[in-house]
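What the coordinates show
Given next are the chains, with one letter for each unit.
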Amino acid sequence: MSADTSAARRLRPSRPDWLASPKVLRTEVLAGLVVALALIPEAISFSIIAGVDPAVGLFASFTMAVVISVVGGRKAMISAATGAIALVIAPLNREHGLGYLVAAVILGGLMQIALGALGVAKLMRFVPRSVMVGFVNALAILIFMAQVPEITGVPWAVYPLVIGGLALMVFFPKVTTVVPAPLVSIVILTVITVAAGIAVPTVGDKGELPSSLPVPGLPDIPFTTDTLVTVAPYAFALALVGLMESLMTAKLVDDITDTHSNKTRESVGQGVANVVTGLFGGMGGCAMIGQTMINVKTSGARTRLSTFLAGVFLLILVVTFGPVVSTIPMAALVAVMILVSFATFDWHSVQPRTLKRLPVGETAVMAVTVAVVVATHNLAIGVVVGVITAMVIFARRVAHLAEVSAVVDPDGRQAVYAVTGELFFASSNDLVYQFDYAGDPDDVVIDLSDAHIWDASSVAALDAIETKYAARGKKVTIVGLNKASAAIHDRLAGQLADSH
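Here's a quick rundown of the structure.

1. Some points on the overall build of the chain
- Within the chain one finds 20 helices and 6 strands.
- Projected onto its principal axes, the C-alpha coordinates of the chain cover approximately 100 × 70 × 55 Å.
- Put simply, the chain has 500 residues, and 50% of those count as buried.
- When contacts within the chain are restricted to residue pairs at least 6 apart in sequence, those whose partners lie at least 24 apart make up 83%.
- The averaged location of the 34 negative side-chain charges in the chain is 11 Å from the averaged location of its 32 positive side-chain charges.

The following block contains the structure:
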């Protein structure tokens, strides 16, 4: 009987983590509501960047959030319409129209599914910590910079509202954490501006909110090879930028929550979400660092429910309560995003004490990543440049680790050279000049017991050394190769002569 009971228990579906306690459920629901409110002006702004109707960005945010909450690999991460994706697809929309944009979103989603299945997420291990820190700091700066237009050339009343909103979010959690401070701030500032009749920019000023639900369908374009050639480059750029932002954000959430996420599932999930979004006429999207920070760091959400409800609340708010949402002052949302930018920035990384301890190369990689992201407003370009910079600095550093020390027999019959370190293209270039070809005896031994051969450049360097000794009638014996080094040396030795 007990065996049957335990078997039944194993077969029974596990209870969702958001049902763990009423407190968790309340946190997730309120976090979803705060994120939905913050998503509205951003989705509208990104729609304007892409050159499409606000409904296209809003519906994209709804479908991305709802779909990724089910198929994604990182709990509590928010995916929606983003500025990076908007920048990628804006030229296509401008030149060819909305149908081509939607086709690029669907094709980009299919590419993401393929890249995810091929294991592109594993490339994240090659992103060093200094690039991650630069990525986070650059995001914080971009989030803050995005708020600057909202507080320049505006009525004076905006400034006390922003300051009041920031004060509420800083001090309200000291009173209670039952309700997220950003939600309290948004509600109080909206009530004040409406009741007092204060004329300040509102969410409604960003664009007209949709009043009906989205309908699925295929893009209205000719399905020809010419169309594919036109759309494919934009789709590929969308796929790469979306995956890079999403995987970097997922890794950041992993660090914040001390939990692990399935990056391959997240990659495929982003693709599925973009395909669904495209079929509903949306502009595509990816993980949103700002909204994810609101959800995870500010509101304390940890489950898929908050992501799902962010999408659902967004749709309900814009379709059902459009007139009410339109009255929310932009100052309230600006205050939320300014606080998010300050919370996101890694202040410890720029403290003089930290900078003094870190190697100069690490600081340089972080600075390059930040500078490129801020200059281009493209996180993908910044991360790629940061990784390349880190690789160059690492190669230069490791190149000096290969050393050659010579020991000549007392009777002068044999010279033994001990090589230590990693032998690859950067370190093996100088290897040829470390030997005394003219002065050494006829028998030369090169001991690689404390070295490792990584590439063809190292084998070619050893070949060159043997050739130089052979030209003087001297014999070289290479000893001490480990298994991997012996395999590459045996395969390539003597085969690379044409390269000299």
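Having put the structure on the table, let's press on.
2. Topic: the pattern of salt bridges
- Here the structure, examined in full by the defined rule, presents 2 salt bridges.
- Its salt-bridge partner being Arg74, residue Asp254 comes within 2.6 Å of it at the nearest N-O pair. Remark: Arg74 occurs in the loop between helix 3 (54-71) and strand 1 (79-80) and Asp254 occurs in helix 9 (residues 225-257); sequence separation between them is 180 residues. The residues Asp254 and Arg74 share a single accessibility class, namely buried.
- As a salt-bridge pair, Asp254 and Lys263 come within 2.4 Å of each other at their nearest N and O atoms. Take Asp254 and Lys263: they sit in the same class, and that class is buried.
- Salt bridges linked by common partners bring Arg74, Asp254 and Lys263 together as one network.

3. Focus: the sheet that holds strand 4 (residues 414-423)
- Pairing in this open sheet of 4 strands is mixed, and the strands run 3-4-5-6 from one edge to the other. Each having just a single partner strand, strand 3 (403-408) and strand 6 (475-479) make up the two edges of the open sheet. For this sheet the average axis-to-axis angle between neighbouring strands, irrespective of direction, equals 20 degrees.
- Relative to strand 6, strand 5 (residues 443-453) runs parallel, the two being bridged by 5 bridges. The residue of strand 6 that forms the bridge with Asp443 is Lys475.
- Sheet strands in contact with helix 19 (residues 456-470) are strand 4, strand 5 and strand 6, and its direction is about 175 degrees off that of strand 5.

4. Observations concerning unusual backbone geometry
- Of note in the backbone geometry, Ala76 takes a positive phi value of approximately 70 degrees without being a glycine.
- Structurally, Ala76 can be placed in the loop between helix 3 and strand 1.
- One non-glycine residue, Asp258, adopts positive backbone phi at about 55 degrees.

5. Details of the environment of Pro352
- Residue placement: Pro352 occurs in helix 15 (residues 352-357).
- Accessibility expressed as a relative area gives 64% for Pro352, which makes it exposed.
- The spacing of Pro352 and Val184 is 168 residues in sequence and 36 Å in space, taken between C-alpha atoms.

6. Section: the packing of aromatic side chains
- Tallying each qualifying case throughout the model produces 8 aromatic pairs.
- When the centroid spacing of 5.1 Å and the interplanar angle of 85 degrees are considered together, the rings of Phe424 and Phe425 count as edge-to-face.
- On the basis of relative accessibility, which here comes to 47%, the residue Phe425 falls in the partly exposed class.
- Relative to Tyr469, the ring of Phe435 has its centre 6.4 Å away and its plane inclined at 85 degrees; by these criteria the two rings are edge-to-face. Placement of Phe435 in the loop between helix 18 (425-428) and strand 5 and of Tyr469 in helix 19 is noted, with a sequence separation of 34 residues between them.
- Judged by relative accessible area, which is 0%, Tyr469 ranks as buried.
- One aromatic cluster in this structure is built from Phe144, Phe342, Phe345 and Trp347.

7. As for the nonpolar core
- With 93 residues, the main nonpolar core has Ile40, Leu58, Val203, Met283, Ile294 and Leu314 as its most contacted residues.
- Here this core takes 12 residues from helix 2 (residues 22-50), the largest share from any one element.
- Not counting residues up to four positions away in its chain, the partners in contact with Leu314 are Ala36, Leu39, Ile40, Leu58, Ser61, Phe62 and Leu309.

8. So, the pairing of strand 4
- As paired elements, strand 3 and strand 4 share 6 bridges and run antiparallel to each other. Each bridged residue has a counterpart across the sheet, and for Val407 the counterpart in strand 4 is Val416.
- Hairpin remark: strand 3 followed by strand 4, antiparallel, with 5 residues in the connecting loop; positive phi at Gly412, about 75 degrees.
- Inspection of the sheet shows strand 4 paired to strand 5 by 9 bridges, in the parallel sense. Bridged to Val416 within strand 5 is Val445.

Thresholds, definitions, all that
- Residue positions within a chain follow its written sequence, with the count starting from 1.
- Two thresholds apply to this predicted model, a pLDDT of at least 70 for residue-level local features and 80 or more for giving and counting side-chain atom pairs, whereas whole-chain, interface and lining totals are computed over all residues.
- Computation of side-chain values covers all heavy atoms of the structure but excludes hydrogens and water.
- The helix and strand labels rest on DSSP assignments: H or I over at least four residues marks a helix, E over at least two residues marks a strand, and numbering proceeds from the N terminus.
- Three labels apply to residues, based on accessible area from a 1.4 Å probe with only protein chains included: buried if under 20% of the type maximum, exposed if over 50%, partly exposed otherwise in between.
- By definition, residues are in contact when any of their heavy atoms lie within 4.5 Å.
- Only four residue types enter the tally: Lys and Arg on the positive side, Asp and Glu on the negative side, with His and both chain ends excluded.
- Where a charge lies is defined by one atom per residue type: Lys uses NZ, Arg uses CZ, Asp uses CG and Glu uses CD.
- The working definition used for a salt bridge is a side-chain nitrogen of Lys or Arg within 4 Å of a carboxyl oxygen of Asp or Glu.
- Should DSSP find at least two bridges between two strands, the strands are regarded as paired.
- Think of each axis as a best-fit line through the C-alpha atoms, taken over the contacting stretch in the case of a helix, with angles from 0 to 180 degrees between the N-to-C directions.
- Only Phe, Tyr and Trp rings take part, Trp by its six-membered ring, and two of them pair if their centres are within 6.5 Å. Stacked means planes under 30 degrees apart, edge-to-face means over 60, and tilted covers everything else.
- Put simply, buried Ala, Val, Leu, Ile, Met, Phe, Trp, Tyr and Cys residues joined by side-chain atoms within 4.5 Å make one nonpolar core.

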